[in-house]
Amino acid sequence: MKTGIWGAGYIAHTHAEALLAAGITVAAIVDVNEKKAKAFAEKYNIEKWGCDPLILLDEEIRTVHVCTPPNYHYDMVMLLLDHGKNVLCEKPLCFENAQAEKLVKKAKERGVVCAVNFNVRFHMACQKARKLVESDAFGRVNLIHGSYLQEFHALPAPLDWRYNTALAGRMRAVTEIGTHWMDIARYISNQKIKAISANFGNFYPERYLEENLMYSDSAAGKRTEKVYVTSEDAAAVNLKFENGAIGTVLLSEVSQGRVNRITLEVTGEKMNLWWNSEDNNLLNTAVKGGGVNTEIFAFGNGFMDTFRSLVTSFYEDVKNGRVSENPVYPTFEDGKAIVRLCNAMLTSADLDGKWVSVE
């Protein structure tokens, strides 16, 4: 079984390492930058490389991982589907609701296996949390809340493609990190979000540039080049779920000291549970009057392990030539749902937090 990768940036290396660990041959790498493609090919001993997407359409390549900026996803994935390729796409699947619908429809028509890289759900604690919420002992879900906090865009921060709306779209915190939180919230709780009220924070729309780093001030006139940022540094979102549950999520890319902190708490009629990615092998549960029980996954997994688990789960269906009845990996249907949630957040934020239905 041979696989190709489209895009040779940071996340593509994680995909390549997970593929090699799963014993899957990476036969081709394509990138707009020929030097990056060549270096990537040399590092992972990949036979075919270059800038031409036709490399990935070779008959021997059954599956392609799309690891490019999100604005390219729709056209790239549609091309691959037209040629009958299985696809594992980075998040978000695309930007527009109609595009997501077309990708789902095309994947079904072609009978191929498709997934979106929401790897967080593959933490052992998250898998156990889902089983607990499904049990009679948990009862109806009433509250779902949490956060995803990072520090990478706290100033000074590099001016990269994520600030280019032509590549990354109008959002940043929501699409970059919020998509992961939305996926685990939906996956663990098994509840769909029906309405959203969102407020975005863009704390320094005007920034000063020096050696490709953005600052909030001009350093007493020493920094003269300015850049203007329109995407959000953070988002505060209220949620309504179809079963009557309510929730909130705080998303921030400017929280110093928070390298990669995801939290989720799900409160049921009979039980409560909570988890965070900084203690990813701990799962806390509680019942009224019973104190807190902390389950330790002594032989648990980390970030790279979740990638390997996603790849393994996905390629089981690829090997079988069909989508299984209840796949553990996030499908294009999941990706479509997340696209709709992102767009509802943007619409709400544009309307100063007005409640917006998720269609």
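Model, not experiment: these values are computed from the prediction. (Residues numbered from 1 in each chain as written. Predicted model: local features only at pLDDT ≥ 70, side-chain atom pairs only at ≥ 80, totals over all residues. Heavy atoms only, no water.)

(A) Here's a closer look at the nonpolar core. Ranked by internal contacts, the top residues of the largest apolar core, which has 75 residues, are Trp-181, Ile-196 and Phe-332. In terms of nonpolar packing, the next biggest core, distinct from the first, is built from 25 residues, Ile-5, Ala-8, Leu-88 and Ala-115 among them. (Core = buried A, V, L, I, M, F, W, Y, C linked by side-chain atoms within 4.5 Å. Buried < 20%, exposed > 50% of the residue type's maximum accessible area, 1.4 Å probe, protein only.)

(B) A look at the side chain of Asn-284. For Asn-284, the location among the structural elements is in strand β17 (residues 282–286). The class of Asn-284 is buried, set by a relative accessible area of 16%. A distance of 2.6 Å separates the side chain of Asn-284 from the side chain of Thr-294, its partner in a polar contact. Dropping the residues within four chain positions of it, Asn-284 is found in contact with Asn-272, Leu-273, Trp-274, Val-292, Asn-293 and Thr-294. (Helix = DSSP H or I, 4+ residues; strand = E, 2+ residues; numbered from the N terminus. Polar contact = N/O pair within 3.5 Å; in protein donor to acceptor, adjacent residues only side chain to side chain. Contact = heavy atoms within 4.5 Å.)

(C) Spatial organisation of unusual backbone geometry. Cis geometry marks the peptide bond from Lys-91 to Pro-92, where omega comes out at -15 degrees. Tracing the backbone shows Pro-92 in the loop between β5 (86–89) and α4 (97–110). In this structure, the amide linkage connecting Leu-155 to the following residue, Pro-156, adopts the cis form with an omega of 0 degrees. Mapped onto the elements, Pro-156 comes out in the loop between β7 (141–149) and β8 (157–158). One non-glycine residue, Glu-211, lies in positive phi territory at about 50 degrees. Relative to the assigned elements, Glu-211 resides in the loop between β10 (206–210) and β11 (213–215).

(D) Molecular detail of the sheet that holds strand β14 (residues 246–252). Judged by pairing direction, the sheet is mixed, and its nine strands sit side by side in the order β18-β17-β16-β15-β7-β14-β13-β9-β19 without closing on themselves. Strands at the two margins of the open sheet, each flanked by one partner only, are β18 (292–296) and β19 (356–357). Relative to strand β16 (residues 272–276), strand β15 (residues 261–268) runs antiparallel, the two sharing five bridges. By the bridge assignment, Thr-267 is partnered in β16 with Asn-272. Contacts from helix α5 (residues 124–134) reach β7, β15, β16, β17 and β18 within the one sheet, and its direction differs from that of β17 by about 25 degrees. Running at roughly 150 degrees to β7, helix α7 (residues 173–189) makes contact with β7, β9 (193–201), β13 (234–241), β14, β15 and β16 of the sheet. (Pairing = 2+ DSSP bridges. Axes fitted to C-alpha atoms, helices over the stretch in contact; angles between N-to-C directions.)

(E) Spotlight on helix α1 (residues 10–21). Its 12 residues give α1 an end-to-end C-alpha distance of 18 Å, which sits within 8% of 16 Å, the value for a rise of 1.5 Å per residue. Taken residue by residue, α1 has Ala-12, Thr-14, His-15, Ala-16, Ala-18 and Leu-19 as its buried positions. In the core, the buried residues of α1 are packed alongside β1 (2–6), β2 (25–30), α2 (34–44), β4 (61–66), β5 and α8 (303–320). Downstream of α1 by one or two residues, Gly-23 has phi in the positive range, about 75 degrees. (Expected span 1.5 Å × (residues − 1).)

(F) Highlighting the packing of aromatic side chains. According to the stated counting rule, one finds four aromatic pairs in the structure shown. Between Phe-40 and Tyr-44 the ring centres are 4.8 Å apart and the planes differ by 50 degrees, which places this aromatic pair in the tilted class. Taken as a pair, Phe-40 and Tyr-44 lie in helix α2 at a separation of four residues, close to a single helical turn. Accessibility classification places Phe-40 together with Tyr-44 in one group, the buried group. Within the aromatic cluster, the residues linked to one another by ring pairs are Phe-314, Tyr-315 and Tyr-329. Across from the ring centre of Tyr-215, 3.5 Å away, lies the NZ or CZ of Arg-223, which sits over that ring. (Phe/Tyr/Trp six-rings, centres within 6.5 Å; stacked < 30°, edge-to-face > 60°. Lys NZ or Arg CZ within 6 Å of the ring centre and 35° of its normal.)

(G) Summary view of the pattern of salt bridges. Tallying each qualifying case throughout the model produces 25 salt bridges. The salt bridge involving Glu-176 is made with Arg-162; its shortest N-O contact spans 3.1 Å. One end of the pair, Glu-176, is in helix α7; the other, Arg-162, is in the loop between β8 and α6 (165–168), and 14 residues separate them in sequence. According to the relative accessible area criterion, Glu-176 is buried, its value standing at 17%. Among the ionic pairs, Asp-334 bridges to Arg-186, the shortest N-O distance being 3.7 Å. (Salt bridge = Lys/Arg side-chain N within 4 Å of Asp/Glu carboxyl O.)

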